[in-house]
Amino acid sequence: MKTINIRQAFPEDWIRVLHNIANLFYEDTTIVHGDAEADIVFDLAYEQLDNFEVKTSATMTVDGQTFTNAYSKQYDEVGTDKEQRIRLKRALSHVMLDCLEQYTGVTQEWGILTGVRPTKLFHKYRKAGMPEAEIFAALQADYRISDGKIELMKEIVERQLKTIPDLDTIGREISVYIGIPFCPTKCAYCTFPAYAIQSNRKVGRVDTFLDGLHIEIREMGKWLTANNMKITSIYWGGGTPTSIEADEMDALYKTMFESFPNPETIREITVEAGRPDTITPEKIEVLKKWGIDRISVNPQSYTDETLKAIGRHHTVQETIDKFWLSRNSGMNNINMDLIIGLPNEGIEEFENSLVESAKMQPESLTVHTLSFKRASEMTRNKDKYKVADRDTVAEMMRMAQVWTKENDYVPYYLYRQKNILGNLENVGYSKIGEESIYNIVIMEEVQTILGIGCGASSKFVNPETGKIWQFHNPKDPAAYIMTFAESIDKKIEHLDELYNKQLVKK
């Protein structure tokens, strides 16, 4: 915990950016101003010159030491007011980051980036026609990203374009997310809509939710059909969609295929069967009946003590058994997730997880780095959970990179989160040709994602301008049951506003 005094009075959005930079080095920093006492004091200055040059400087005082840095960048044009503000915030981030790196000896490989989607930057430069060498130079100079991270971004972008050759024009289509908000139990690190299914079933909330979900699927299907929309991909998430019964899953898939247009053109359907304790032969038969063979069976860890600590009520052996049940029953595209930095796990435990993963060779493996999400049990009771230090999680990530290469996996999507251990990243790896289309389109924000169900977020993307706005369904099942009809109307308004305008231009 550090208190940081930024003496100058900056707009609140500027302070948020600088606060994020401070949090890359210290947990839970507090920003103060003026003459307030603090562990670290910054004097920051900036100027905009008539020739479109931006200059910033920083003096940092800490422990009787002084660190300084200066930065400047020449632009070709004056830019809008918004662009000028972004330029200044970025330039101030440079000098603050540099001073903190000097003092701590920690180099931030992602530089000043604190956002979720780094590869969007690479795509932006690519679509603007920049040669690769210029993209590398811009990412290094403007964002201070390391060579290694830029190479990772490049590899992912190349793989995405091979997976979806029409990635730049796919905004004319739409993908669908359907949220089932129930799980056997809630994991300690989780902030997704995940409510204990048995207690909700006892009070009738599961049945009522499913009734509402059928209606929402049908009503959204009417709009999609009337507008002859092509659906790129469908993702059943949650919660755990396989926490409901097999006959309930069957009824939902029937409604989906009856309601959605052009089912023959859907490129991918995924069902997140993440909790192994929810997978049964009957549920797999339902998936096969509807031609769905892309599922997740998520171990997170292959250490039983860790699974207990994070609130997952299945064993390592159950994960292994359910993987082979799924594989031998015809599930041909299985994803598995591992989390780096779970409580009480170090190099040895993560090595064991990789050894076990090698025995199964899932089609894709997503390597997450633990993030302390604000509303999670783990964040609320941080003292209970001892996690690995920065150097250890960095070594774990390196181990994952080596292991995936040795086992013929390639990285195909990447995202980051605030409060992520070691300021690292989450990377999706797959065997070549087994990449998830949905994961790519949602991370690169190249098309509208229509959210249906509890806690589902709809993200509306204008393919002409790139403008993005969102609409959120309620997270709580009781609230969803009361308001899903209103949510349907709101989403149709958004879809009309976006697609009717676009359709006129065709």
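Parameters and conventions
- Residues numbered from 1 in each chain as written.
- Predicted model: local features only at pLDDT ≥ 70, side-chain atom pairs only at ≥ 80, totals over all residues.
- Heavy atoms only, no water.
- Helix = DSSP H or I, 4+ residues; strand = E, 2+ residues; numbered from the N terminus.
- Rg over C-alpha atoms; globule rule 2.2 N^0.38 Å.
- Contact = heavy atoms within 4.5 Å.
- Areas by Shrake-Rupley, 256 points an atom, 1.4 Å probe, with all protein chains shown as cover.
- Lys, Arg positive; Asp, Glu negative; His and termini not counted.
- Charge placed at Lys NZ, Arg CZ, Asp CG, Glu CD.
- Buried < 20%, exposed > 50% of the residue type's maximum accessible area, 1.4 Å probe, protein only.
- Axes fitted to C-alpha atoms, helices over the stretch in contact; angles between N-to-C directions.
- Parallel < 35°, antiparallel > 145°, perpendicular 65-115°, else oblique.
- Left-handed = near helix turned anticlockwise from the far one by under 90°.
- Pairing = 2+ DSSP bridges.
- Domains from an automatic or database assignment.
- pLDDT = per-residue confidence, 0-100.
- Salt bridge = Lys/Arg side-chain N within 4 Å of Asp/Glu carboxyl O.

1. Structural notes on the overall build of the protein chain
Thought 1: In terms of regular secondary structure, the protein chain is built from 16 helices and 18 strands.
Thought 2: Here the protein chain has a C-alpha radius of gyration of 24 Å; the compact-globule value for 506 residues is 23 Å, and the two agree.
Thought 3: Over its C-alpha atoms, taken along the principal directions, the protein chain stretches across nearly 65 × 60 × 45 Å.
Thought 4: Pairs at least 24 apart in sequence give 73% of the contacts found in the protein chain among residues at least 6 apart.
Thought 5: Of the roughly 21,700 Å² of accessible surface on the protein chain, a fraction of 49% belongs to carbon and sulfur atoms.
Thought 6: Averaging the positions of the 60 positive and the 75 negative side-chain charges in the protein chain gives two centres separated by 3 Å.

2. So, the side chain of Thr 255
Thought 1: Its place among the elements puts Thr 255 in helix α8 (residues 246-259).
Thought 2: Since its relative accessible area comes to 4%, Thr 255 is described here as buried.
Thought 3: With sequence-adjacent residues up to four places away left out, Thr 255 is seen in contact with His 214, Ile 217 and Arg 218.

3. A closer look at the packing of helix α7 (residues 205-226) against α8
Thought 1: Direction vectors running N to C along α7 and α8 enclose 15°, while the axes themselves pass 8 Å from each other. Relative to α8, the element α7 lies roughly parallel. The interaxial crossing formed by α7 with α8 has right-handed handedness. Packed against α7, whose contacting residues are Val 206, Asp 207, Leu 210, Leu 213, His 214, Ile 217, Arg 218, Gly 221 and Thr 225, the element α8 presents Glu 248, Ala 251, Leu 252, Thr 255, Met 256 and Ser 259 at the interface.

4. A word on the sheet that holds strand β5 (residues 65-74)
Thought 1: Taken in spatial order, the five strands of this open sheet run β2-β1-β3-β4-β5, and their pairing is mixed. Looking along the sheet, the strands with just one partner apiece sit at the ends: β2 (30-32) and β5. Averaged over all pairs of adjacent strands, the angle between their axes in this sheet comes to 20°, without regard to strand direction.

5. A word on the domain arrangement of the protein chain
Thought 1: In terms of domains, the protein chain is made up of domain 1 (2-106) and domain 2 (164-293 + 435-505).
Thought 2: A straight line from the C-alpha centre of domain 1 to that of domain 2 covers 41 Å.

6. Looking at the confidence of the model for the protein chain
Thought 1: When pLDDT is averaged along the protein chain, the result is 92, and 94% of the positions lie at 70 or above.
Thought 2: For the protein chain, per-element mean pLDDT is lowest for helix α13 (residues 377-380), which scores 54, and highest for α8, which scores 98.

7. Topic: unusual backbone geometry
Thought 1: Of note, the bond from Gly 238 into Gly 239 is cis; its omega dihedral lies within 30 degrees of zero at 15°.
Thought 2: One can find Gly 239 in the loop between β9 (231-238) and α8.

8. A look at the pattern of salt bridges
Thought 1: For the coordinates displayed, the defined rule picks out 27 salt bridges.
Thought 2: A salt bridge links Glu 425 to Lys 149, with the shortest nitrogen-to-oxygen separation between them at 2.9 Å. Placement of the pair is Glu 425 in the loop between β14 (410-415) and β15 (426-430) and Lys 149 in helix α5 (residues 147-163), with a sequence separation of 276 residues. Per residue, the accessibility class of Glu 425 equals that of Lys 149, and both read buried.

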